[in-house]
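# Structure at a glance
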Amino acid sequence: MKTTWDIFCTVVDNYGDIGVTWRLARQLVAEHGLAVRLWVDDLNAFVPLCPGSDANAARQWQQGVEVCAWPATWQPAEPADVVIGAFACQLPPAYVEAMRARTVPVLWLNLDYLSAEAWVEGCHGLPSPQANGLRKVFFFPGFTAKTGGLLREATLLARRQAFEQSAEARTAFLQGLGVQARPGALLMSLFAYENAQLGGWLDALAVDAGPVHLLVPQGRILGDLARWLGVQALAVGEVHQRGSLTVQVLPFVSQDDYDRLLWSCGFNAVRGEDSFVRAQWAGRPMLWHIYIQDENAHWEKLEAFLALYRQGLSDDASAALMALWRAWNMDGDMHAAWQGARKHWAQLQQHAQDWAASQAARPDLAKALVQFYRNWL
């Protein structure tokens, strides 16, 4: 009998939470042969990530995963051997009671948000006894050996390398999206939350020394982009040019195609958690728009990651990288910050590749979860 896993996902931030849990569910099935149910409270957010899925289906099978609508009125369901509440979501009380009543104990994991903060290492794997007698264990993804690692399919970097080595594959993929960049253009992707600093960055791109082609999948940044362009709204397929900068709006793509988009670009601006991790595996210079929290609590998380990520850079390149990320997230001068980063382009490119390789030397998140369960037994 296959070990059964239930993953619960409450959609809060459009695609970040469902993006992480869908990737995890697929990997647990494909690489570890597990029986996985993914419970989602908003399947409308799931459909764009998994074309062909049904937002109205109570249950459906997608890539070996049983995807279940998490109803407002919970219907009885047999608890799995391993239960994951993603990002501190609250499981249905009736399901928790069924967990407590189960003859064979359940491993209950809270898969927490990704953070590079130092305290994560001390909290990773800690149990939290519940009033009903159950124990919930905190499981933290992360960037160090004392955390749960990052989501990474076993074949990911090999697939990236094969794609990079095939000019035909890259050309065919971009043509499929309607992208025809000028020769020698720096291809860039932009996926971000609303950001008042966008205009300053686009101003800098418009006067860049060489042509820049910015690919913008459908998302929350389109309103700011439209205002900078001086248009009412933007539709998929639209192309606008301002100086050195060409801007093109892309459709929202599947997760696998988003990976290919990141691999096709020489620079990627990403947001939240899911696209943030995928941009790291792409091995390209990147810019992270961190999810905004009250009282700017997210700045500490930004600084914690920068403290790790910039290791190995020269002092000047490190300062330029920090200036760019801080400007984007802390209302700084993106025009000057971008120009500063461009002075260290070759070093930032090599550093991004080295970072991806160093992270790939550690166990991935799915493997760490499976091993944790085996040790728990």
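Up top you'll find the structure we're talking about.
Structural notes, computed from the coordinates. (Residues numbered from 1 in each chain as written. Predicted model: local features only at pLDDT ≥ 70, side-chain atom pairs only at ≥ 80, totals over all residues. Heavy atoms only, no water.)

## Here's the deal with the side chain of Asp 224
Mapped onto the elements, Asp 224 comes out in helix H7 (residues 222-229). Residue class for Asp 224 comes out buried when judged on its relative accessible area of 15%. Polar contacts involving the side chain of Asp 224 include one to the side chain of Arg 227, which spans 2.5 Å. Ignoring anything within four residues of it in the chain, the contact list for Asp 224 reads Glu 194, Asn 195 and Leu 198. (Helix = DSSP H or I, 4+ residues; strand = E, 2+ residues; numbered from the N terminus. Buried < 20%, exposed > 50% of the residue type's maximum accessible area, 1.4 Å probe, protein only. Polar contact = N/O pair within 3.5 Å; in protein donor to acceptor, adjacent residues only side chain to side chain. Contact = heavy atoms within 4.5 Å.)

## Quick notes on the nonpolar core
Membership of the largest hydrophobic core comes to 76 residues, with the highest contact counts inside it found for Leu 190, Trp 201 and Trp 325. Here the element with the most residues in this core is helix H11 (residues 315-329); it accounts for seven residues. Setting aside residues up to four positions removed in sequence, Trp 325 forms contacts with Phe 276, Met 286, Leu 287, Trp 288, Leu 302, Phe 305 and Leu 306. Grouped together as the second largest cluster of nonpolar side chains are 38 residues, Trp 22, Phe 46, Leu 109 and Leu 365 included. (Core = buried A, V, L, I, M, F, W, Y, C linked by side-chain atoms within 4.5 Å.)

## A short note on unusual backbone geometry
In this structure, Ala 88 is a non-glycine residue whose phi angle is positive, near 65 degrees. Here Ala 88 shows up in the loop between strand E5 (82-86) and helix H2 (93-101). Overall, Ala 88 belongs to the partly exposed group, its relative accessible area being 41%.

## Focus: the sheet that holds strand E8 (residues 135-139)
Two strands in a sheet stick together by hydrogen bonds in their backbones, pointing the same way (parallel) or opposite ways (antiparallel). The sheet built from eight strands is open, its strands ordered E3-E4-E2-E1-E5-E6-E8-E7 with mixed pairing. Looking at the sheet topology across the chains shown, the edges are occupied by strand E3 (59-62) and strand E7 (127-129). Here the strands of the sheet are splayed against their neighbours by 25 degrees on average, with no regard to which way each runs. Sheet topology places strand E2 (residues 35-40) next to strand E4 (residues 65-69); four bridges connect them, and they run parallel. Along E4, the bridge assignment pairs Arg 37 with Glu 66. (Pairing = 2+ DSSP bridges. Axes fitted to C-alpha atoms, helices over the stretch in contact; angles between N-to-C directions.)

## A word on the pairing of E3
Of the two faces of E3, only the one carrying Gln 60 and Gln 62 is buried; Arg 59 and Trp 61 on the other face are not. In the sheet, E3 pairs with E4 via four bridges, with the strands oriented antiparallel. Residue Gln 62 lies in a different strand from E4, and its bridge partner there is Val 65. In this structure, the hairpin formed by E3 and E4 is closed by a connection of two residues, where Gln 63 is found at a positive phi of approximately 50 degrees.

## Observations concerning empty space enclosed by the protein
Enumeration over the complete set of coordinates arrives at four cavities of 30 Å³ or more. For the largest cavity, the calculated volume is near 200 Å³. If you trace the largest cavity, you find 18 residues lining it, with Tyr 15, Phe 191, Phe 252, Asp 274 and Ser 275 closest to the centre. Taken together, the elements giving at least two residues each to the lining of the largest cavity come down to helix H1 (16-32), helix H8 (255-264) and helix H9 (274-282). Here the lining of the largest cavity is built from residues that sort into eight nonpolar, five polar and five charged. What the second largest cavity holds in volume is close to 80 Å³. Every residue along the wall of the second largest cavity is listed here: Val 20, Arg 23, Leu 114, Pro 141, Leu 150, Leu 151, Glu 273, Asp 274, Val 277, Arg 278 and Leu 365. Contributions of two or more residues to the lining of the second largest cavity are made by H1 and H9. Residue contributions to the lining of the second largest cavity peak at three residues, all from H9. Grouping the constituent residues of the lining of the second largest cavity by class yields seven nonpolar, no polar and four charged. (1 Å grid on protein atoms, 1.4 Å probe; cavity = no way out; pocket = protein on both sides within 12 Å on 5 of 7 lines; lining within 4 Å. Points joined across faces, edges and corners; volume = space filled by probe spheres on them. Nonpolar A, V, L, I, M, F, W, Y, C, P; charged D, E, K, R; others polar.)

## Side note on the packing of aromatic side chains
Within the structure shown, the criterion is met by 35 aromatic pairs. Ring geometry for Phe 163 and Trp 263: centres 5.7 Å apart, planes at 55 degrees, overall tilted. Taken as a pair, Phe 163 in helix H4 (residues 156-164) and Trp 263 in helix H8 lie far apart in primary sequence, 100 residues in all. Ring centres of Trp 338 and Trp 345 lie 5.5 Å apart, and the angle between their planes is 70 degrees; on these two criteria the pair is classed as edge-to-face. The same class applies to Trp 338 and to Trp 345, which are both buried. Within the aromatic cluster, the residues linked to one another by ring pairs are Phe 143, Phe 276, Trp 288, Phe 305, Tyr 309, Trp 325 and Trp 355. The ring of Trp 345 has Arg 342 lying over it, and the distance from NZ or CZ to the ring centre is 4.7 Å. (Phe/Tyr/Trp six-rings, centres within 6.5 Å; stacked < 30°, edge-to-face > 60°. Lys NZ or Arg CZ within 6 Å of the ring centre and 35° of its normal.)

## Some words on H1
Between its first and last C-alpha atoms H1 spans 23 Å; for 17 residues at 1.5 Å apiece the expected length is 24 Å, and the two agree. Extensive coverage of H1 is indicated by the burial of 14 of its 17 residues. (Expected span 1.5 Å × (residues − 1).)

## Re the pattern of salt bridges
Scanning the entire structure with this criterion turns up 18 salt bridges. A salt bridge links Arg 102 to Glu 78, with the nearest nitrogen and oxygen atoms 3.9 Å apart. Here Glu 78 lies in the loop between E4 and E5 and Arg 102 lies in the loop between H2 and strand E6 (107-111), a separation of 24 residues in the sequence. Judged by relative accessible area, Arg 102 falls into the buried class, the value being 18%. Judged by its relative accessible area of 56%, Glu 78 is exposed. (Salt bridge = Lys/Arg side-chain N within 4 Å of Asp/Glu carboxyl O.)

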